[in-house]
Each structure stands twice: as structure tokens, then as C-alpha cells.
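Residue-level structure breakdown
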Amino acid sequence: MACDCSASSAYSINTKDEKTKSWKKLVNVAVSGAAGMISNHLLFKLASGEVFGQDQPIALKLLGSERSIQALEGVAMELEDSLYPLLREVSIGIDPYVVFEDAEWALLIGAKPRGPGMERSALLDINGQIFAEQGKALNAVASRNVKVIVVGNPCNTNALICLKNAPNIPAKNFHALTRLDENRAKCQLALKAGVFYDKVSNMTIWGNHSTTQVPDFLNAKINGRPVKEVIKDTKWLEEEFTKTVQKRGGVLIQKWGRSSAASTAVSIVDAIRSLVNPTPEGDWFSTGVYTTGNPYGISEDIVFSMPCRSKGDGDYELVKDVAMDDFLWERIKKSEAELLAEKRCVAHLTGEGNAFCDLPGDTMLPGEM
Ligand SMILES: NC(=O)C1=CN([C@@H]2O[C@H](COP(=O)(O)OP(=O)(O)OC[C@H]3O[C@@H](n4cnc5c(N)ncnc54)[C@H](OP(=O)(O)O)[C@@H]3O)[C@@H](O)[C@H]2O)C=CC1
Ligand SMILES: O=C([O-])CC(=O)C(=O)O
């Protein structure tokens, strides 16, 4: 374990080792909130090779805080004791300028959870400051082509803040995690149609990772056929399906007492795998990305979930040939309005002047119900 607070050393790759000869170059993956619940599931998946591949050695750089440093040492000990062959280095620290050095992937999970009675604007401000600071640190020390996935809520606006504070890194490289919403939507459609989950494809989540998100049943497919041909119950699609996906996170919190951790970790794995593997022909995936230049007419300069395809090189392109109808467009506009309002609330953190907070009252994070 190597730590910028109490240093000790890690393993190094033995170049004479036959097994490692065919391996790729070490990839540096930074994870914030590394002592939290989501990370506790995610880190072991990253170390096992199931995310980046069985020929991809990995260095894990874990960011914590003074609050969590003991716990983080424990996490690093567990990772080391798991003897993952591909895990070549584990380092922990509390300074993002140290932990993010040369990071090629940054998985930004750490954020303050919203407490009872806390205004959404206050959460935007507190967490926004974390992401402004981390954006600056990435800008200063990370790889110039680092891919950043923001998970900590409110993730779309946190991603916007982060990219605005990292002008030397392409804005295209920043993602807000909406893959959990995509997975939840696929699950609901599969259950309703009585098919296996993998028969559902082309599932777009449009918009914010909040209760205004829009699960798109117009373009989604089941067994290669439009959902509306397979599920004829339009009322269910428009009302129950949409609400169930939008509020899934909140229902889970009510039942389990805390927010999804295991399924979120799985969805982070899916999100990375979708960028490092070619997208299957004809399909796409959802991720929250920077809207400037989008072909749909969504406001520029926000982070919005949209359908994407990848060649497997870590990059992506927006899918152009998607259908739009009034039902879909009206809902997309509502999520867009929410994100524009969130953006006005954090203007002081994006370098765009004084903040003015007029958030629509009826919109929430998935976990707030
Ligand atoms: N986009 C999505 O789909 C989803 C997003 N989420 C979001 O992911 C985030 C992390 O969730 P989870 O791992 O379950 O949360 P945990 O509470 O288990 O861990 C979060 C970590 O955030 C860090 N943190 C940073 N700043 C603060 C602060 N001011 N106060 C308290 N903790 C802070 C803490 O680490 P440290 O002390 O080391 O900084 C803590 O370990 C949350 O924002 C959650 O809402 C959750 C589910 C789905
Ligand atoms: O609000 C939360 O922390 C939980 C969340 O994002 C989700 O489950 O989608």
C-alpha cells in the first residue's frame, strides 16, 4: 500500500514473469469516496479484471479524507489480501492533487449525502465545491485524456462543475452516471414482457439523474422489435413504467435504509465496459455527457444523459438516428429545465458569475421521496 499521508511501498511488475508478458501497460484508476459503500463493491471488481479485461494490470489510487483515512487503510488491506494478480499497486491518500496524478480513469463517487431538512440548493453547493476542487486537481495532474465518471449526486451538475474546472481536459471526457437508470429500465421492460434482461436493447435514459429522467420506450427494443409492438399496454409504459424507473432509487432507500450500492457498482462496471469495448451493432448505451454540439436540439452547455456508441477506445459518439414524439420531447424539456436551473444555482462554481437558485419544487434525486 502506498499513501501520501504515511507512505509504504507497493508491488512492482516483474517484467521477467512469463504470464505478464502479454499484458497491456498498467492503467491508473483513481476512485474518490473509496471508503464508501459503492466503492466497497466496485474496487474488487476493478481489481479482478472483470472491468478492463484479464490482460490489463491496474493501479488503484484511492481518495479519502481525514474522516475516512482509517477505513481507507482497511479497504487497501482487504484489496491486498485478495491477491488479485492484475492488481499491481494500491495507494491511498487524502490530497486529490497527489491521488489523481497520471490518472487515466477517475471514478468520482465521494459526495455528502443529503441529510434531513437540507435544501437541494445547499447540497448542490456543498457537493459542487468538492467537484470544483477535484476538477482543478484533475486539470493539474491527471492524464490529459483522463476519462471521468461522476457518480456522487447530483451527478449531472457535479460533472458540469468538474469539467468547467478542468479546461485542459476535453469536456467530452466527463460522464455523469445514468447507467443504473438504464439497467433499472431494462429490468422493468424485461419483467413486463416476460423475457430475459439481455433481450432488451437500445434503452436510452434522457436527461438528469433525478425524478425528471426520461426512460425512452419509443426507441427501446425487445428481441429486436420496438417495445410498443411487444408491450401493447401504452398506459403502463407512459405512467407506471416511467414512474417506477424515475423513483426506483427512492423506493430502494425506503426498503433498505440506504441508497443502492451493489447495483450502482455493477452499473459503473457496465458504464466503463461500454467505453472500452465496441458497442454491439445496432445497439447503444446511455451516459450523461456534455451537450454542446448535440444533434437533438437539447440546450448546450449542460450534462445530459443521451444515447451513445463507442468503438471501444474509451471515447463515444452520440447516436443520431433516434425517433422523437411529443410525449418524449415534452418530458425531455422538463429534465432540461431542471438541469438549467441547477446550473444557475452553481454559477459561482463554474466561473459564470453569481448563483441564482430557483429550482423547480417537484424535482428530486432518485433517492429523495
Ligand atoms: N449516479 C447514480 O446512479 C448513483 C449515485 N449515488 C451517489 O453516490 C454517492 C456515494 O454513495 P455511497 O458510496 O453509497 O455513499 P457513502 O456514504 O457510503 O460514501 C460516500 C463517501 O463520500 C465521501 N464524502 C465526501 N464528502 C463528504 C461529506 N461532506 N460528508 C460525508 N461524506 C463525504 C465520504 O468519503 P470521504 O470521507 O473519504 O470523503 C464517504 O465515504 C452519493 O452521492 C450517492 O447519492 C448513489 C447511487 C446511485
Ligand atoms: O439519491 C441517491 O443517493 C440514490 C440514487 O441516486 C439512486 O439510487 O439512483
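Residues numbered from 1 in each chain as written. Chains lettered and ligands numbered in written order. Predicted model: local features only at pLDDT ≥ 70, side-chain atom pairs only at ≥ 80, totals over all residues. Heavy atoms only, no water.

1. Remarks on the packing of helix α1 (residues 37–48) against helix α9 (residues 262–276)
For any two helices packed against each other, one specifies the inter-axial angle together with the distance between the axes. Where α1 meets α9, the closest approach of the two axes is 7 Å, and the angle between their N-to-C directions is 40°. The pairing of α1 with α9 is recorded here as oblique in orientation. Where α1 crosses over α9, the handedness of that crossing is right-handed. Across the interface between the two elements, I38, H41, L42, K45 and L46 from α1 touch A262, T264, A265, V266, I268, V269 and I272 from α9. For the contact of α1 with α9, the per-class residue count stands at 9 nonpolar, 2 polar and 1 charged. (Axes fitted to C-alpha atoms, helices over the stretch in contact; angles between N-to-C directions. Helix = DSSP H or I, 4+ residues; strand = E, 2+ residues; numbered from the N terminus. Parallel < 35°, antiparallel > 145°, perpendicular 65-115°, else oblique. Left-handed = near helix turned anticlockwise from the far one by under 90°. Contact = heavy atoms within 4.5 Å. Nonpolar A, V, L, I, M, F, W, Y, C, P; charged D, E, K, R; others polar.)

2. With respect to the state of the cysteines
Here the structure, examined in full by the defined rule, presents 1 disulfide. A sulfur-sulfur separation of 1.8 Å characterises the disulfide bridge that pairs C345 with C357. Between C345 and C357, the S-S torsion sits near 105°, and that sign places the bridge as right-handed. Of this pair, C345 sits in helix α10 (residues 326–345) while C357 sits in the segment after α11 (347–350), placing them 12 residues apart in sequence. Looking at C345, the relative accessible area reads 6%, which means it is buried. On the basis of relative accessible area, C357 is assigned to the partly exposed category, the value being 39%. Take C162: it sits in no disulfide, and the sulfur closest to it among the cysteines is that of C155, at 12 Å. For C308, which is in no disulfide, the shortest distance to another cysteine sulfur is to C155 and amounts to 14 Å. (Disulfide = S-S within 2.5 Å. Buried < 20%, exposed > 50% of the residue type's maximum accessible area, 1.4 Å probe, protein only.)

3. Things to note about a nonpolar patch on the surface
Together, M37, L252 and W256 make up a nonpolar patch on the protein surface, roughly 270 Å² of accessible area in all. Given a relative accessible area of 31%, M37 falls into the partly exposed group. (Patch = residues over 30% accessible without salt bridge, like charges linked within 9 Å, V, L, I, M, F, W, Y side chains within 5 Å. Areas by Shrake-Rupley, 256 points an atom, 1.4 Å probe, with all protein chains shown as cover. Salt bridge = Lys/Arg side-chain N within 4 Å of Asp/Glu carboxyl O.)

4. Remarks on the site of ligand 1
The full set close to ligand 1 counts 24 residues, and M37, S65, R67, S68 and N153 are the nearest of them. Within the contact set of ligand 1, an oxygen atom lies 3.1 Å away from a backbone nitrogen or oxygen of I38. Taking R258, its side chain carries an N or O atom lying 3.1 Å from an oxygen atom of ligand 1. Considered on its own, ligand 1 offers 910 Å² of accessible surface; in the complex 83% of this is hidden by protein. Taken together, the residues that form the shell around ligand 1 break down as 10 nonpolar, 11 polar and 3 charged. For the shell around ligand 1, the domains that each give at least three residues are domain 1 (25–176) and domain 2 (179–345). (Near = heavy atom within 4 Å. Polar contact = N/O pair within 3.5 Å; in protein donor to acceptor, adjacent residues only side chain to side chain. Domains from an automatic or database assignment.)

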